[in-house]
Amino acid sequence: MRVSKLYAPTLREVPAEAEIASHQLLLRAGFMRKASGGIYTYLPLGWRVIRKIEAIVREEMDDKGAQELLMPIVQPAEIWQESGRWDVYGAEMWRLKDRHSRAFCLGPTHEEMITTIVRNDVRSYRQLPINLYQIQDKFRDERRPRFGLMRSREFIMKDAYSFDKDEAGLEVSYKGMYEAYANIFKRCGLVFRPVEADSGAIGGSGSHEFMALAESGEAEIVFCDSCDYAANTEKAELHLIKAETETALDKEEVVTPDCKTIVDVCSYLKLPIEKSIKAVAYQSEKGLILCFVRGDHEVNEVKVLNTCDVLELEMASETALIEGNTVGGYMGPIGIDTNKVMVVVDQNVMEMSNLCCGANKEGYHFINVNPNKDFTPTHVADIRLIQEGDPCPHCNGKVEKARGIEVGQVFKLFTKYSEPLKATYLDENGKAKPIFMGCYGIGVSRTMAAAVEQYNDKDGIIWPKSIAPYHIVVVPVNVKDVETMEAAEDLYIKLKNAGVQVLIDDRDERPGVKFKDADLIGYPVRVVIGPKTLAENSAEVKMRKSGEVQMLTLDGDCVQKLIEMLEKID
Ligand code: ATP
Ligand code: MG
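As a starting point, this report considers the structure included with it.

Criteria and thresholds
Residues numbered from 1 in each chain as written. Chains lettered and ligands numbered in written order. Predicted model: local features only at pLDDT ≥ 70, side-chain atom pairs only at ≥ 80, totals over all residues. Heavy atoms only, no water. Pairing = 2+ DSSP bridges. Helix = DSSP H or I, 4+ residues; strand = E, 2+ residues; numbered from the N terminus. Near = heavy atom within 4 Å. Polar contact = N/O pair within 3.5 Å; in protein donor to acceptor, adjacent residues only side chain to side chain. Nonpolar A, V, L, I, M, F, W, Y, C, P; charged D, E, K, R; others polar. Phe/Tyr/Trp six-rings, centres within 6.5 Å; stacked < 30°, edge-to-face > 60°. Buried < 20%, exposed > 50% of the residue type's maximum accessible area, 1.4 Å probe, protein only. Lys NZ or Arg CZ within 6 Å of the ring centre and 35° of its normal.

### Focus on the pairing of strand β1 (residues 32–36)
Step number 1: Relative to strand β2 (residues 39–42), β1 runs antiparallel, the two being bridged by four bridges. Across the sheet, the residue bridging to R33 is T41, located in β2.
Step number 2: Connecting β1 to the antiparallel partner β2 that follows it, the hairpin turn spans two residues, and G38 within it adopts a positive phi of roughly 75°.

What follows is the structure in structure tokens.
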């Protein structure tokens, strides 16, 4: 490829809307352009990277016996009504009507679609197991599309679905996909970690996320400092903290003027914060939810969603609090009408004694509150967010925190979709049984962005070789110098004929411009040829990642030597 013909419009300025490195660099280096919020065009270099990631995905999926197909983007509402998800998917689902007013959506995921296909064609246990996948654009009208390809509204996903006779079969399929995912992200050059995950709106139970480690990641993970336990903080379960037994005193109402936060209250009353109950109030589709955790703990919203079996949580408004007979800053579990309001209390709080909590009226708190005596919650559960230094739920170690980008997730669905959608097979005895399913997603476009997050410097992107758009760029310093051009063209043609993914920067530009673009775009190897190098019959080879520079003699072996240098880097 000749750079003079390459459509890779680079920008010198950092685009104002781009906050993180991958968003900035993919725009600046001419890999993509924005069409609308969260909707992008992949320009030729970006598309080459995407196709390379897809090729790795295909090889690893095919290796596990999965078969590629392509389902429609536009899906009829009926199949989603059948599974029960049409009404619960919410605003993220992009809905549309045809000219006859029939309802459709743009696929955010394809469990319904694939299950309705398989249920019509699979009859017998002899046809199982099956694993089918596609690579396709998905549509999710995200509440906050941001960070470019990280959280977009139209994005490329690889989604696979496995169908097995029973749980044992599902385990085998799940393990195969888990291994394939580890291979895929390794081959893409990512530093990643599989973690235990919550299964969210997709449902089922038993799930892992593959997290590319990066400070800019939206997800937070914990991992143990001594065993191999790792989980999304949303999911990380916590053991009960055994509290010391104390004689329960009688509760007492006290004035706490201008004490709106738990820290204010405890310092005013001169109480340790572990002796207080902190409240967080949410509005949900089932009404107001008041959550209570120990004063120094935080609420884990995903655990609250699962505990209360609700779909969405928003911070409750002052009006909602007043309707629930409480007031912001002074919320407490005592005297709340649990027929109207859910009172969700963390398991640790129930173990504690002689506590301080809000009295549900402005300027007052209770002290010496004893949960088992003084109030009755609607739910007692583990709703606490894990913190750095907490004990590992599996061993005696302590957990550490890190940030990650979720590049993939695998789920055991069991019969969550096959039952409502009636996807059954006949077993060896002719008995109809529901098919056991799993589903497995990779964010292909997000993976490209994650690689840029992990590999960049002040000059631009540093592509891992496996997904770099091209491997070598040959840069003649002056296209008007006949000898320089002859030598550069000669090397370019020889590399191309040897099957190397090579470019020649034949633009009539100053060398500084070409070097800047080469660094910004992030080709792994740059080969510079000019009168100075030719005086020694050589070229200058620079490795993008290590910055290492070496001279290459332009003799009969030079192509082979370059190929060897390329083989050594990753
Ligand atoms: P998130 O929690 O980040 O919203 P998700 O858990 O809803 O993602 P899945 O349903 O598990 O996403 O989809 C499979 C994969 O698709 C994810 O692991 C992620 O890599 C990718 N993905 C999901 N949503 C987006 C998005 N809005 N933009 C880009 N990639 C996405
Ligand atoms: Mg996910």
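After that view, the rundown keeps rolling.
### Focus on the site of ligand 1
Step number 1: Neighbouring residues of ligand 1: 15 residues in total, closest R140, E142, R151, S152 and E406.
Step number 2: Within the side chain of R140, an N or O atom sits 2.9 Å from an oxygen atom of ligand 1.
Step number 3: Separating an oxygen atom of ligand 1 from a side-chain N or O atom of E406 is a distance of 2.6 Å.
Step number 4: Mapped onto the shell around ligand 1, the elements with two or more residues apiece are β8 (154–164) and β21 (399–414).
Step number 5: Examining the composition of the shell around ligand 1, we find that four residues originate from one element, β21, more than from any other.
Step number 6: Of the residues in the shell around ligand 1, the class split is six nonpolar, four polar and five charged.

### Observations concerning the packing of aromatic side chains
Centre-to-centre distance and the angle between the planes together describe a pair of aromatic rings.
Step number 1: Under the definition given, this model contains twelve aromatic pairs.
Step number 2: On the numbers, 5.7 Å between centres and 85° between planes, the contact of W80 with Y89 is edge-to-face. Neither residue differs from the other here; W80 and Y89 are each classed as buried.
Step number 3: Taking 5.9 Å as the distance between ring centres and 35° as the angle between the ring planes, the aromatic pair formed by F185 and F210 counts as tilted. One end of the pair, F185, is in helix α5 (residues 167–187); the other, F210, is in strand β10 (residues 207–213), and 25 residues separate them in sequence. Each member of the pair, F185 as well as F210, carries the same accessibility label: buried.
Step number 4: Through a chain of ring-to-ring contacts, three or more aromatic side chains come together here, namely Y178, Y181, F185, F192 and F210.
Step number 5: Of note, K412 hangs over the ring of Y174, and the distance from its end group to the ring centre comes to 4.8 Å.
Step number 6: A cation over a ring is seen here: R526 above F515, with NZ or CZ 4.2 Å from the ring centre.

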